[in-house]
Amino acid sequence: MPRDDRRNDIGPSPIVAQGLNHWFGTGEARKQAIHDVTVEIDKGSLTILMGPSGSGKTTVLTLMGCLRDVQEGSVTLLGSELNGAPEVLQVLLRRRLGFIFQAHNLHGSLTAAQNVQMGLEVHGRADPGRQRAAAVHALSILGLDDRVDYLPANLSGGQKQRVAIARAMVSNPDIVFADEPTAALDKVSGTNVVRILKELGRQRGTTTVMVTHDNRILEMADRIITLEEGRIVDDKRQTA
Amino acid sequence: MTRSIASLLDALLGRMPIGWLQLSHSRGRLLAALAGVTFANILVFVQLGILGALNQSTISSYDMFDGDIMISSSDANTLTDGSNVARTRMFEALGVPGVKDATPLFIANLEWQREDGNASTLQTIAIDPEKTEFAAPEVTARLTDLRLQNRVFVDRRTRGLPADALENVSPSEPYVFELNGTTVWAVGTLDVGGGFAADGSLYASDQTFLTLFPNRSSSAPNHILLSVEDGIDPEVVVERLRDVLPADSVKVDRKAAMASADLTYQTTERPTGVIFGFGVIIGIIVGVVIVYQVLSTDVADHMSEYATFKAIGYPQKFFLGIVIEEAVILAVLGFIPGLLVSVGLYALMSNVTGLPMSMDVLRGASVLVGTILACSISGALATRKLAAADPADLF
Ligand SMILES: Nc1ncnc2c1ncn2[C@@H]1O[C@H](COP(=O)(O)OP(=O)(O)O)[C@@H](O)[C@H]1O
Ligand SMILES: [Mg+2]
């Protein structure tokens, strides 16, 4: 695929998908969920994937994020081809990513700080004291100074989601993938979460790809890609 | 407590002790799992205890006499189940170079019916009272006390016998009682205790034995004991004896070899041994099933959290580590009460049955190692599903 020179001044694309097809199920039940998706994401941008339920947003996100094996087509993530990538390479790539899911998926037996520390320990454990400090710092950026040693069960939905964001951001990932991160949040905290993500992205040059239905968020995006029935039907850039 | 275990494990593992945090987070499940491991441990310990008692009571019968070599009937698997041996074999053996001396050995069980209505079975051991070198060490010095007819040593730890019944028995103060309609004088005691086949032991001369068992004959003892001249390898003498004696009617071996063959027979071919050996296996299976159940439920319950860790970039061995961590914790924490309860049960059973049951370090250590292994294997099996799946399919 020819490079788009207009966007090359801000570095190589962290994510390039080409001719991506994906099927679910086997035999009679086999059904194509993604049709020929080709897209290139700019470094440091906030891209939003939208579209009706079942249109394939999550599938595209997980294929790009190395959470699902590529069946057909190509995804180049941070310069590495994912189609046929060995498990070791996938593990290494995942460590350079941050994920925020609709369900926060915090570990219920770990405190907020411990959950965030898990995002650091994956890179090794040089200095546990410093990692704890970094985790506490990440939580305080998200306004959770006084919830550091709480178990998830004792946090509100918005607080849990912010812990998940801290976990995703704490290790300075190259890309953040977020799947409906605000779905469980009220209007104010939802907008706050996206503002934080965008601000962190701006400061650190992090690329963010986010699935959302949330209209309030759309105006903050650099680019909005719309999916329908597994195909890209609209792709527009905007200046925030 | 929970905290300090956590920081200990944290330092030990060099990572967050997620397994422990997970286990201690759901107390109910932890206690149930520990109860299961403890139960399986007790099951295994009790079976091993009984097997051990069986072994020990088999061995202790062989400690009732001495000798370098035994001649037994070729159909004998134990001390008491074979045909009798013709005494002429003893004379043939005495002609073999290297054989120093010999005695016939008589063994049979005798019912001791007491006046208080209780009865005990005595395993009666009889040898020539002049041949002290064939006596058990504890009676060597006083074997000649049995020279007179109907003099015996009786086991003061005989099951069913009041503990102090045979206190202060001596040649000058014999304890006189009836055995099989014969009046006997206990001129000393033994300190043996009950086993599986008998409640206690009785030591007598060959002549007294023939009185107590009128249908036995002096020309057909149960076994023949031989001693070997100093400086000669008993193994060489065994070979010479085998050349001379007919293999279809008698077998010849060192005494220790006879005892260990008996032991093998008791534990692998006799129902008691096989059943208790089987019990050990059942205990292990129960433990493995319980731990597998607990760990696989635990993995299933944390699937979405693990998937998140996988998405963050934790490799498969990290999850294996968590589950093995849990398995080892369950094994160790379940083992401790299992061991304590078993020690108590040993004491209780030994009190009630008179069987020799005691915990030794080797047995404890092997059960602990076995428990850790069984738990870890169950744990490893429980993570299989996680290894195969895409993280995206697990959320
Ligand atoms: N694990 C799965 N197994 C079978 N079908 C699936 C699976 N995940 C998604 N699908 C199907 O693929 C299509 C796209 O799903 P998804 O990517 O989750 O859509 P969205 O996130 O836009 O709601 C849907 O038709 C959905 O039913
Ligand atoms: Mg979705």
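Preceding this section is the structure that the text describes.
Definitions and cut-offs
Residues numbered from 1 in each chain as written. Chains lettered and ligands numbered in written order. Predicted model: local features only at pLDDT ≥ 70, side-chain atom pairs only at ≥ 80, totals over all residues. Heavy atoms only, no water. Pairing = 2+ DSSP bridges. Helix = DSSP H or I, 4+ residues; strand = E, 2+ residues; numbered from the N terminus. Axes fitted to C-alpha atoms, helices over the stretch in contact; angles between N-to-C directions. Left-handed = near helix turned anticlockwise from the far one by under 90°. Contact = heavy atoms within 4.5 Å. Nonpolar A, V, L, I, M, F, W, Y, C, P; charged D, E, K, R; others polar. 1 Å grid on protein atoms, 1.4 Å probe; cavity = no way out; pocket = protein on both sides within 12 Å on 5 of 7 lines; lining within 4 Å. Points joined across faces, edges and corners; volume = space filled by probe spheres on them. Patch = residues over 30% accessible without salt bridge, like charges linked within 9 Å, V, L, I, M, F, W, Y side chains within 5 Å. Areas by Shrake-Rupley, 256 points an atom, 1.4 Å probe, with all protein chains shown as cover. Salt bridge = Lys/Arg side-chain N within 4 Å of Asp/Glu carboxyl O. Buried < 20%, exposed > 50% of the residue type's maximum accessible area, 1.4 Å probe, protein only. Phe/Tyr/Trp six-rings, centres within 6.5 Å; stacked < 30°, edge-to-face > 60°. Near = heavy atom within 4 Å. Polar contact = N/O pair within 3.5 Å; in protein donor to acceptor, adjacent residues only side chain to side chain. Buried area = accessible area lost by both parts, 1.4 Å probe.

Asker: Please provide a residue-by-residue account of the sheet that holds strand β4 (residues 151-155) of chain B, values included.
Answerer: All names here are of chain B. Pairing is mixed in the open sheet, where nine strands are placed in the order β5-β6-β4-β7-β3-β2-β8-β1-β9. Here the strands that pair on one side only, and so sit at the sheet edges, are β5 (175-179) and β9 (250-254). Direction aside, the axes of adjacent strands within the sheet are offset by 30 degrees on average. The pairing of strand β3 (residues 119-127) with strand β7 (residues 200-205) spans six bridges and is classified as parallel.

Asker: For the packing of helix α9 (residues 271-301) of chain B against helix α11 (residues 316-353) of chain B, give the residues involved together with the corresponding values.
Answerer: Residue and element names in this part refer to chain B. Packing of α9 against α11 brings their axes to within 11 Å, and their N-to-C directions diverge by 145 degrees. Considering only the axes of α9 and α11, their crossing is right-handed. Contact residues: α9 offers Val-291, Val-294, Leu-295, Asp-298 and Val-299, while α11 offers Val-323, Glu-326, Ala-327 and Leu-330. Here the contact of α9 with α11 is composed, by residue class, of seven nonpolar, no polar and two charged.

Asker: Tell me about empty space enclosed by the protein, residues and numbers included.
Answerer: A complete count under the given rule lists two cavities of 30 Å³ or more for this structure. Arg-94, Arg-95, Leu-97, Gly-98, Phe-99, Gly-119, Val-122, His-123, Arg-167, Ala-168 and Ser-171 of chain A together with Ile-312 of chain B together form the lining of the largest cavity. Of all the secondary structure elements, the ones that give two or more residues to the lining of the largest cavity are β6 (97-100) and α6 (157-169) of chain A. With three residues, β6 of chain A is the largest single contributor of residues to the lining of the largest cavity. Counted by class, the lining of the largest cavity contains five nonpolar, four polar and three charged residues.

Asker: I'd like a description of the sheet that holds strand β7 (residues 175-179) of chain A, backed by residues and values.
Answerer: All names here are of chain A. Across the sheet, which stays open at both edges, the six strands sit in the order β6-β7-β8-β3-β9-β10 with mixed pairing between neighbours. Strands at the two margins of the open sheet, each flanked by one partner only, are β6 and β10 (231-237). The sheet shows a mean angle of 15 degrees between the axes of neighbouring strands, direction not considered. Pairing of strand β3 (residues 46-50) with strand β9 (residues 223-228) involves four bridges; the strand directions are parallel. Directly across from Met-50, in β9, lies its bridge partner Thr-226. Sheet contacts for helix α2 (residues 57-64): β3, β7, β8 (207-211) and β9; angle to β7, the most-contacted strand, approximately 155 degrees.

Asker: Quick one: what's the story with a nonpolar patch on the surface, residue by residue and with numbers?
Answerer: All names here are of chain B. Nonpolar side chains collect at one region of the surface, where Phe-278, Ile-281, Ile-282, Ile-285 and Val-289 lie side by side and expose about 460 Å² of accessible area between them. Within the secondary structure layout, Phe-278 lies in helix α9. Accessibility expressed as a relative area gives 52% for Phe-278, which makes it exposed.

Asker: Describe the packing of aromatic side chains, listing the residues and the values that go with them.
Answerer: All names here are of chain B. Scanning all chains against the criterion turns up 13 aromatic pairs over all chains. Pairing Phe-309 with Tyr-314 gives two aromatic rings, centres 5.6 Å apart and planes at 70 degrees, and the pair type is edge-to-face. Residue Phe-309 is classed as buried on the basis of its relative accessible area of 0%. Given the relative accessible area of 4%, Tyr-314 is considered buried. Taken together, the ring pairs connect Tyr-306, Phe-309, Tyr-314, Phe-318 and Phe-319 into an aromatic cluster.

Asker: Tell me about the pattern of salt bridges, and name the residues and values.
Answerer: Under the counting rule described, the total for this entry stands at 24 salt bridges over all chains. Asp-234 of chain A serves as the salt-bridge partner of Lys-236 of chain A, at 3.7 Å between the closest nitrogen and oxygen. By relative accessible area, which is 33% here, Asp-234 of chain A ends up partly exposed. Here Asp-298 of chain B and Arg-29 of chain B are joined by a salt bridge, their closest N and O atoms 3.0 Å apart. Taken as a pair, Asp-298 of chain B in helix α9 and Arg-29 of chain B in helix α3 (residues 27-62) lie far apart in primary sequence, 269 residues in all.

Asker: Describe the site of ligand 1, and please don't skip the residues or the numbers.
Answerer: Taken together, Phe-24, Lys-31, Ala-33, Pro-52, Ser-53, Gly-54, Ser-55, Gly-56, Lys-57, Thr-58 and Thr-59 of chain A together with Asp-393 of chain B make up the full set of residues adjacent to ligand 1. Lys-31 of chain A is positioned such that a nitrogen or oxygen atom in its side chain is 2.9 Å from an oxygen atom of ligand 1. Residue Gly-56 of chain A places a main-chain N or O atom 3.0 Å away from an oxygen atom belonging to ligand 1. Contributions of two or more residues to the shell around ligand 1 are made by β2 (31-41) and α2 of chain A. If you tally residues by element for the shell around ligand 1, the top one is α2 of chain A, at three residues. Of the residues in the shell around ligand 1, the class split is three nonpolar, six polar and three charged.

Asker: Now, about the interface of chain B and chain A: what can you tell me, with residues and values included?
Answerer: Between chain B and chain A, the contact holds 25 residues from the first and 25 residues from the second. With both chains or domains summed, chain B and chain A bury close to 2,300 Å², and 59% of this area falls on carbon and sulfur atoms. Contact with chain A buries surface across chain B, with Met-16, Ile-312 and Tyr-314 of chain B losing the most and accounting together for 25% of the total. Joining chain B to chain A, the criterion identifies one salt bridge. Here Asp-10 of chain B ties to Arg-125 of chain A by a salt bridge, and the two come within 2.8 Å at their closest N and O atoms.

Treat this as a map of the structure, not an account of what it does.
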